Amino acid sequence: MSPASLAAELASLDAEGLRRRRRVLETPQRAHVEVDGCEYIAFCSNDYLGLAAHPQLVEAACEGATLHGVGAGASHLILGHMRAHHNLELALGAFVRMPAALLFSSGYMANLGLITALVGRGDAIFADKLNHASLNDAALLSRAEHKRYPHLDLTALERLLRGSSARTKVIVSDAVFSMDGDIAPARELLQLAERYDAWLVLDDAHGFGILGASGRGILEYAGIQSPRIAYMATLGKAAGVYGAFVSGEPELIETLVQRARTYIYTTAAPPLLAHTLTRSLEIMASDPARRAHLFELIAALKRGLRDSGWRLMPSDTAIQPLLVGGAIEALALSKRLAQRGLLVPAIRPPTVPRGTARLRISLSADHGHADVQQLVTALGSL
Ligand SMILES: *Cc1c(COP(=O)(O)O)cnc(C)c1O
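Conventions adopted
- Residues numbered from 1 in each chain as written.
- Predicted model: local features only at pLDDT ≥ 70, side-chain atom pairs only at ≥ 80, totals over all residues.
- Heavy atoms only, no water.
- Domains from an automatic or database assignment.
- Buried area = accessible area lost by both parts, 1.4 Å probe.
- Salt bridge = Lys/Arg side-chain N within 4 Å of Asp/Glu carboxyl O.
- Polar contact = N/O pair within 3.5 Å; in protein donor to acceptor, adjacent residues only side chain to side chain.
- Helix = DSSP H or I, 4+ residues; strand = E, 2+ residues; numbered from the N terminus.
- Nonpolar A, V, L, I, M, F, W, Y, C, P; charged D, E, K, R; others polar.
- Axes fitted to C-alpha atoms, helices over the stretch in contact; angles between N-to-C directions.
- Left-handed = near helix turned anticlockwise from the far one by under 90°.
- Contact = heavy atoms within 4.5 Å.
- Disulfide = S-S within 2.5 Å.
- Buried < 20%, exposed > 50% of the residue type's maximum accessible area, 1.4 Å probe, protein only.
- Pairing = 2+ DSSP bridges.
- Near = heavy atom within 4 Å.
- Areas by Shrake-Rupley, 256 points an atom, 1.4 Å probe, with all protein chains shown as cover.

A. Local environment of the domain arrangement of the protein chain. As far as domains go, the protein chain holds domain 1 (14-43 + 288-381) and domain 2 (55-286). Between domain 1 and domain 2, the C-alpha centre-to-centre distance is 27 Å. Both faces combined, the contact of domain 1 with domain 2 buries some 1200 Å², and carbon together with sulfur accounts for 62% of it. Three residues, Arg291, Thr317 and Ile319, lead the burial of domain 1 against domain 2; their summed loss comes to 40% of the area buried on that side. Where domain 1 packs against domain 2, one counts 1 salt bridge. With a shortest N-O distance of 3.1 Å, Asp180 and Arg358 are connected by a salt bridge. Between the two partners, domain 1 and domain 2, sit 8 residue pairs in polar contact (both at pLDDT 80 or more). Take the side of domain 1 that touches domain 2: its biggest share by element is 5 residues, from helix H13 (residues 288-305). For the side of domain 1 that touches domain 2, the per-class residue count stands at 9 nonpolar, 3 polar and 5 charged.

Below is the structure:
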């Protein structure tokens, strides 16, 4: 592409209402923020438990830096695997009640590393159409056959599995779909994995810390355990910090240590993050009130919008998308809310299919009931 064609392409994004712009956040990530000099109530973050700026975690980060320094200085397999990383892996495995866990620098990297370590040419991936972009990219990179089934369509999935003669098969699904907020039928997916001798990769980026009786994620929520499960979750959402992990049987984890390229060929994350995350898991395990408050807010939002004429998509999680349709209309609604001091991102193609542009309302335990009421009132007046 020439420089002139880049400019033309950007102009056409503008014309279609698809050009993305970054706002500069002047405060920590919280319900009440300051952006570009103005104050807002934000419904934009994945900080579902309100931990991103929690004083105890800020303190843990400082303590972690004092104890371990700020940089790991090497990859995990050289000499960057520090005590803080190791302890966090043990705590993560225990938290999700899996035998072993491996820390990655981000969820994007965890998915690339996991999928490319499990499958290659001659193998097949069976993926929900609405899976996160990182899972799709991982599939492409793996060179395995990439078969996508319509969202949540178990019949179509079974048909694909039955017709496949691939050596290794992997079913891959978001546990909570990131733009829709709905939950994958994990138990049924596991049954299909067992029937067709496949792995089940569950990406629990939005369920970890949220789903299940004690917030341990999709495995607790669905009541499943199996050596076929490769469980992935991120640590920059409900856990409030940064990073990700994969957990499963010790053989799976050891295989990733040997083969996952996004684990091997990169510097270990700063140990102070691992130290902070260990504290974050303790808060998640010992403070159920944060989750209880979040679920009260979810219920209040649904109640508030029930008779408003606006349509929330069916979701029982912190992600509550409001369906608008057109990209330009979604953007306009987002702008009018911003004029009333409410930040709610418009999600447009290509992130979501054409004609399903939406406002992605995400709730956090840091919101108060008055914040949600203010959003309901503003939507009611528009
Ligand atoms: C956010 C997200 C990721 C990527 O995780 P990062 O740690 O932000 O790189 C992967 N999968 C899903 C479903 C996500 O929502």
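That was the structure; now back to the text.
B. Spatial organisation of the packing of helix H2 (residues 55-68) against helix H12 (residues 271-286). Direction vectors running N to C along H2 and H12 enclose 145°, while the axes themselves pass 8 Å from each other. The way H2 lies across H12 gives a crossing that is right-handed. Contact residues: H2 offers Gln56, Leu57, Ala60, Ala61, Glu63, Gly64, Ala65, Leu67 and His68, while H12 offers Pro271, Leu272, His275, Thr276, Arg279, Ser280 and Ile283. Of the residues contributing to the contact of H2 with H12, the split by class is 8 nonpolar, 6 polar and 2 charged.

C. Spotlight on the state of the cysteines. Applying the stated criterion across every chain yields a total of 0 disulfides. Here Cys44 is not cross-linked by a disulfide; its sulfur's nearest cysteine counterpart is in Cys38, at 14 Å.

D. Region of the structure containing the pattern of salt bridges. Within the structure shown, the criterion is met by 12 salt bridges. For the salt bridge of Arg167 with Asp123, the shortest nitrogen-to-oxygen distance reads 3.2 Å. With a gap of 44 residues between them, Arg167 in the loop between helix H7 (154-162) and strand S6 (169-174) and Asp123 in the loop between helix H5 (107-118) and strand S4 (124-128) connect regions that are remote in the sequence. Classification of Arg167 as exposed rests on a relative accessible area of 63%. For Asp123, a relative accessible area of 5% corresponds to the buried category. In this structure, the salt-bridge partner of Asp287 is Arg290, at a minimum N-O distance of 3.6 Å. Its relative accessible area of 24% is what places Asp287 among the partly exposed residues. Among the charged side chains, a salt-bridge network with shared partners connects Asp14, Arg19 and Arg21.

E. Spatial organisation of the sheet that holds strand S2 (residues 38-42). Taken together, the 3 strands give an open sheet; going across it, the order is S1-S2-S11, and neighbouring strands pair in mixed fashion. Two strands in the sheet have a free side with no partner beyond their single neighbour: strand S1 (32-35) and strand S11 (342-343). As judged from the 4 bridges shared by S1 and S2, these two strands associate in the antiparallel manner. Each residue of the ladder has a partner; that of Val33, found in S2, is Tyr40.

F. A look at the site of the ligand. The environment of the ligand is formed by 14 residues, the closest being Gly107, Tyr108, Asp203, His206 and Lys237. Within the backbone of Tyr108, one N or O atom sits 3.0 Å away from an oxygen atom of the ligand. Take His206: an N or O atom from its side chain is 2.5 Å from an oxygen atom of the ligand. Against a free-state accessible area of 380 Å², the protein chains account for coverage of 83% of the ligand. The leading source of residues in the shell around the ligand is H5, at 3 residues. Taken together, the residues of the shell around the ligand sort by class into 2 nonpolar, 9 polar and 3 charged.

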